[in-house]
Amino acid sequence: MRKIVSIIFALAVLQGALAFAQGNKSDQLNQAVEAYNANNLAQAAKLFYDVKMSDPQAGNRAQAEYYLAQSLFKMGMYQSALAFYNAVFVAGPAHPYYIKGAEGLVNVAQALHDDTLIPSQINKYYNSQEFAKMDPMILSRINFYVGLLLYRQEKYGESMAFLSAIDQKSRVFPKGLFLQATIHIRLGVRYNLAGDEARTRAEYDQAIKLFEQIVDLSGREEAKAMKAIASYDNIVRLWQLCTLNLARAYYGKGDYAKAVMYYSRIPMFSQDWADALFEIGWAYFMREEYGRALGALHTLHSPRYQNLFAPESWILKGTIYFHVCLYEEATAALNIFKQRYENMLPTLKGILDAGLPNEKFASLLLLDKLDKADPMAKVPDLVRSSILTSPRVENFRHFLRSLEAEAKAIELVGEWRGIRLHDELAGVVTVQRNLLVRTAGGFVKANLQNRYQTILGFVGHSKMIKLEITSHERLLLKAGLSIKAQERGKLAPRPRVPDETYNYWPFKEEYWKDELGFYVYTVRRACPAK
Amino acid sequence: MKMFFLTLASLMLISAGALAESPNERVHVLQKRDYSVKNKIEIGGLFAMSVDDIFTQHYAGVLSLDYHIDEAFAIEFTWLSCKVPFYMGDKVSDDPAAYSGSWLRKGHSYTDAYYNIKNDAQLSPSNADLAMIGNYWGLNVEFSPIYGKFSLFNWGLARADFYVTAGGGLATTEYMRPDKTWVDTGLYFMGSFGMGFRIFLARWFAIRLDMRDLTFAAKVEGEAGATGTTTETKIRSTLFVMLGVSFLFGGEEPVQIWSPY
């Protein structure tokens, strides 16, 4: 009996202690909320963390977890916030802050310019039923991120489903349209390779329609454009890209006249101009306007673009010369390709085959100056600069800068010194930094691989053209004609000046900045009469 | 043709390898003009000075008004003024050499050569050689067959039009007698030939450098003889160098299409 009494007594004491503890934790949560409302965010985070770690009530712990993330987000510690938003999100719909956690992830993705890691996490736990309760603008952004991720994974059908679910009022609506159009282009290329002309045209038509829809958002006039700029993310860049992509789509369709028209609209010296020059070269080639095609390449091969990675431009040049039977010139162009690009292959292969872990590749992207001992210092300048022009590079760099700033900020918060929160956040940032370095390294490695394969592919083209040249020269000799082009035909006259609003200048081995983009070649008519 | 007045190599970077001259091709530049002048009206203000007269020195203000028919041809009205037109000033009664309103002849003076001959050798050049242009109103046709561009170091690029001009108009001339009284010789027809170039610094603004030769038959009093004073006629030509600025209006402004770039 005495034993029973003592047990009952002990239970009563324990219950009392628990009740006291509960009351104490509830107070702590209230204090944390008060600190949060008073914008004393470091203190709030500390208190929320305590509640999250030790409150016996699951509801309190969940609330504390979410508000801990919110406090950190408001402090600009996005990576730390991400860890707790992610915990809320991964807990699933059972977590009372599940939806808000997902929204938090989206906000962090925006703040960190992360279009890779967070979208991948959201995609993994995507719950369409629960997400339907979300603010449509946030949901649209999630759909865009997931669509982008799936697009990169070449899951075009699934990507389209997410992208077409983006709300028209969302800031990412034009981006979604753009990505859909890009998918149509990719599909068009696929069908084209498969020889399915009807589906190729249908895909390109769809793409053109979507690009036009994006351009239409501007109303094609300044006043409306200003409104659109205020309403949508990156719309100006999208309009620029639409011009280039409309040209590409018309090229894909085989409408070279329209392709030339759109390529010509890309302003000189703009960031898309080099691409436009190269591609318009192909469009002119397809129209058999060889002089103009060579003229476009002349600008691309000018000192302005001496650091541009454009191996195909030399192949195109060689091909054009081959078509007009200027075999010496074709060989010269292919030799330049060999000297500038083919000779890079052993270096690139050496780097790629060295079995370096992904982290070792990251320095190319994340460091402005490379140490001589760094394997990335061996990457040829042309290749390095081509990788660094990718818009994703700035995202990686932004992310890294943000992580480094956050690591410093964590050390500076006095309230967190010596407590577990400090260690956990510092750990989160370190882990994320390592992950980022690995991801960035993977990106560089994939790009190096891509450049290597690209050059290798064109080496094959180059050899084919050289073979054709030899065989054509043999035919010339058989027919009793001279191999030297100057003995086979007349030089075409200089091009006609369209009207008095044009100036004519002969090119005398001097590049004048204002003349870039206006070159036209005339070539000797060296093909033997058939 | 490019005119390389001040061109230095900074704009011209030679790309090795890519530029091997081939006898089988020519590279041309067909460039849309930056500065179209077609249908534009150009108003210019220039300062002019004569450079080839032995005895006379002119300084003039020039107002020019050009209408550019197309890129090559223009019609130009010119008013060159060395003194206030149609106003001789009043002689100061007690000093026949002095005139009230002496400022009106600020653009006229005789050279040291004139005074040396007159004072040292006690000689006087003929009145025809002393005739000075007061004002000239003329109409010219301007033809610009040559265009060019140049750059000084790498400070941007300037376009230039080189032109020749011919025309004629009316001028007033006057000269000073040995007794220092001024004689107005009336209105003359005057021929004008010249050349120059304008450097466009903007679509609407240019610097102009001109040379104009104004030729006229100076009819002046000759030496006094038994039958009275004879009339002497001499073909005179005066070369002016002009420097100024001009502003261009109207014409077809380039259509400004809003571009996201």
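Residues numbered from 1 in each chain as written. Chains lettered and ligands numbered in written order. Predicted model: local features only at pLDDT ≥ 70, side-chain atom pairs only at ≥ 80, totals over all residues.

### Comments concerning the overall build of chain A
The test is simple: Helix and strand labels come from DSSP, where a helix needs a run of H or I of at least four residues and a strand needs a run of E of at least two; each type is numbered from the N terminus. In this scheme every C-beta is placed from the backbone, and a residue whose C-beta has 20 or more other C-beta atoms within 10 Å is buried, one with 12 or fewer is exposed, and one in between is partly exposed. We call two residues in contact when their backbone-placed C-beta atoms lie within 7 Å.
Each helix and strand in chain A was counted, giving 24 helices and 2 strands. Counting every position in chain A, which comprises 530 residues, the buried fraction comes to 43%. In chain A, the proportion of contacts linking residues at least 24 apart, taken out of those at least 6 apart, comes to 63%.

### With respect to the overall build of chain B
For chain B, the count of helices and strands is 2 helices and 12 strands. For chain B, the N- to C-terminal ordering of α and β elements is β-β-β-β-β-β-β-α-α-β-β-β-β-β. In chain B, which comprises 261 residues, the proportion classed as buried is 31%. When contacts within chain B are restricted to residue pairs at least 6 apart in sequence, those whose partners lie at least 24 apart make up 66%.

### Focus on the nonpolar core
Our working rule: The term nonpolar core means buried Ala, Val, Leu, Ile, Met, Phe, Trp, Tyr and Cys residues held together as one set by C-beta atoms within 7 Å.
Counting 158 residues, the largest nonpolar core has A32(A), F48(A), A81(A), L105(A) and V108(A) as its most contacted members. A per-element tally of this core places helix α24 (residues 420-478) of chain A first, with 14 residues. The residues contacting V108(A), other than those within four sequence positions of it, are F73(A), Y78(A), A81(A), L82(A), Y85(A) and I118(A). Ranked by size, the runner-up nonpolar core spans 23 residues in total, among them A48(B), L130(B), F216(B) and V220(B).

### Focus on the environment of E174(B)
Residue and element names in this part refer to chain B. Along the polypeptide, E174 turns up in strand β9 (residues 158-176). Between the C-alpha atom of E174 and that of A218, which follows or precedes it by 44 residues, the distance is 9.3 Å. The residues touching E174, leaving out its near neighbours within four places in the chain, are A131, M132, G134, W182, V183, D184 and T185.

### Some remarks on helix α23 (residues 391-412) of chain A
Residue and element names in this part refer to chain A. Stated precisely, the cut-off is as follows: One less than the residue count of a helix, multiplied by 1.5 Å, gives the span that helix is expected to have. Throughout, the arc means the angular range of directions from the helix axis out to the C-beta atoms.
Over its 22 residues, α23 extends 32 Å from the first C-alpha to the last, a length consistent with the 32 Å expected when each residue adds 1.5 Å. Regarding α23, the residues found buried are F396, F399, S402, L403, E406 and I410. Taken around the axis of α23, the buried residues stretch over an arc of 125°, which confines them to a single face. For α23, the exposed residues lying more than 90 degrees away from the buried face are E394, R401, E404, K408, E411 and L412. The inward-facing, buried residues of α23 abut α4 (78-90), α5 (98-112), α21 (363-366) and α24.

### Let's talk about the pairing of β9(B)
Residue and element names in this part refer to chain B. Put simply, the rule is: Any two strands between which DSSP finds at least two bridges are classified as paired.
Both strand β8 (residues 132-150) and β9 contribute to a ladder of 16 bridges, which runs antiparallel. Note on β9: the bridge partner recorded for E142 is T165. Sheet analysis places β9 next to strand β10 (residues 182-202), joined by 17 bridges and oriented antiparallel. If you follow Y175 over to β10, its bridge partner there is V183.

### Let's talk about the sheet that holds strand β2 (residues 519-523) of chain A
Quick reminder of the rule: Under this scheme, a helix contributes an axis fitted over its contacting stretch, all axes are lines through C-alpha atoms, and angles between N-to-C directions fall in the 0 to 180 degree range.
Read across the open sheet, the 3 strands follow the order β1(A)-β1(B)-β2(A); overall the sheet is antiparallel. Looking along the sheet, the strands with just one partner apiece sit at the ends: β1 (502-506) and β2 of chain A. Averaged over all pairs of adjacent strands, the angle between strand axes in this sheet comes to 30°, irrespective of strand direction. Against the sheet, helix α16 (residues 290-300) of chain A touches β2 of chain A together with β1 (25-32) of chain B, its axis set at about 130° to β2(A).

### Notes on unusual backbone geometry
All names here are of chain A. Here the phi dihedral of H113 falls at roughly 55°; this positive angle occurs in a residue that is not glycine. Relative to the assigned elements, H113 resides in the loop between α5 and α6 (117-124). Residues other than glycine seldom take positive phi values, yet E154 does so here, at roughly 60°. Following the sequence through the fold, E154 ends up in the loop between α8 (136-152) and α9 (156-163).

### Things to note about the interface of chain A and chain B
Selection criterion: The residue classification treats Ala, Val, Leu, Ile, Met, Phe, Trp, Tyr, Cys and Pro as nonpolar and Asp, Glu, Lys and Arg as charged. All others, Gly included, are polar.
Counting residues at the interface gives 46 residues for chain A, matched by 32 residues for chain B. Among the residues forming the side of chain A that touches chain B, the class breakdown is 25 nonpolar, 10 polar and 11 charged. Across 5 bridges, the pairing between β2(A) and β1(B) is antiparallel. Counted as the bridge partner of V523(A) is E25(B) from β1(B).

### Looking at the packing of helix α19 (residues 345-352) of chain A against α24(A)
All names here are of chain A. Test applied: Helix crossings are classified by the rotation of the near helix relative to the far one: an anticlockwise turn of less than a right angle makes the crossing left-handed, while a clockwise turn makes it right-handed.
It is the contact of α19 with α24, at a shortest axis distance of 10 Å, that shows an interaxial angle of 145°. Every pair of crossing elements has a handedness; the one defined by α19 and α24 is left-handed. Together, L345, L348, K349, I351 and L352 of α19 and L448, Q449, R451, Y452, I455 and L456 of α24 make up the contact between the two elements. Taken together, the residues that form the contact of α19 with α24 break down as 8 nonpolar, 1 polar and 2 charged.

### Here we look at the domain arrangement of chain A
Residue and element names in this part refer to chain A. Note the cut-off: Either an automatic procedure or a domain database provided the assignment from which the domain bounds are taken.
Per the domain assignment, the segments of chain A are domain 1 (1-115), domain 2 (135-265) and domain 3 (290-494 + 513-530). Taken together, the contact pairs 5 residues of domain 1 with 5 residues of domain 2. Looking at the side of domain 1 that touches domain 2 residue by residue, the classes come out as 3 nonpolar, no polar and 2 charged.

### Digging into the pairing of β1(A)
In β1(A), alternate side chains face the same way, and those of N503(A) and W505(A) are buried while those of Y502(A), Y504(A) and P506(A) on the opposite face are not. Here 5 bridges tie β1(A) to β1(B), and the two strands are oriented antiparallel to one another. Following the sheet pairing, Y504(A) is matched in β1(B) by L30(B).

### Let's talk about the environment of D210(B)
Residues and elements named next belong to chain B. Along the chain, the position of D210 falls in strand β11 (residues 205-225). For D210, a count of 22 C-beta atoms within 10 Å corresponds to the buried category. Between the C-alpha atom of D210 and that of F77, which follows or precedes it by 133 residues, the distance is 14 Å. Those residues within four positions of D210 in sequence are excluded, and the remaining contacts are L46, G194, G196 and M242.

### Here we look at helix α15 (residues 273-286) of chain A
Residues and elements named next belong to chain A. Its 14 residues give α15 an end-to-end C-alpha distance of 20 Å, which sits within 8% of 20 Å, the value for a rise of 1.5 Å per residue. By the criterion of burial, α15 is predominantly enclosed, with 12 of the 14 residues buried. Of the residues making up α15, those classed as buried are W273, A274, A276, L277, F278, E279, I280, G281, W282, A283, Y284 and F285.

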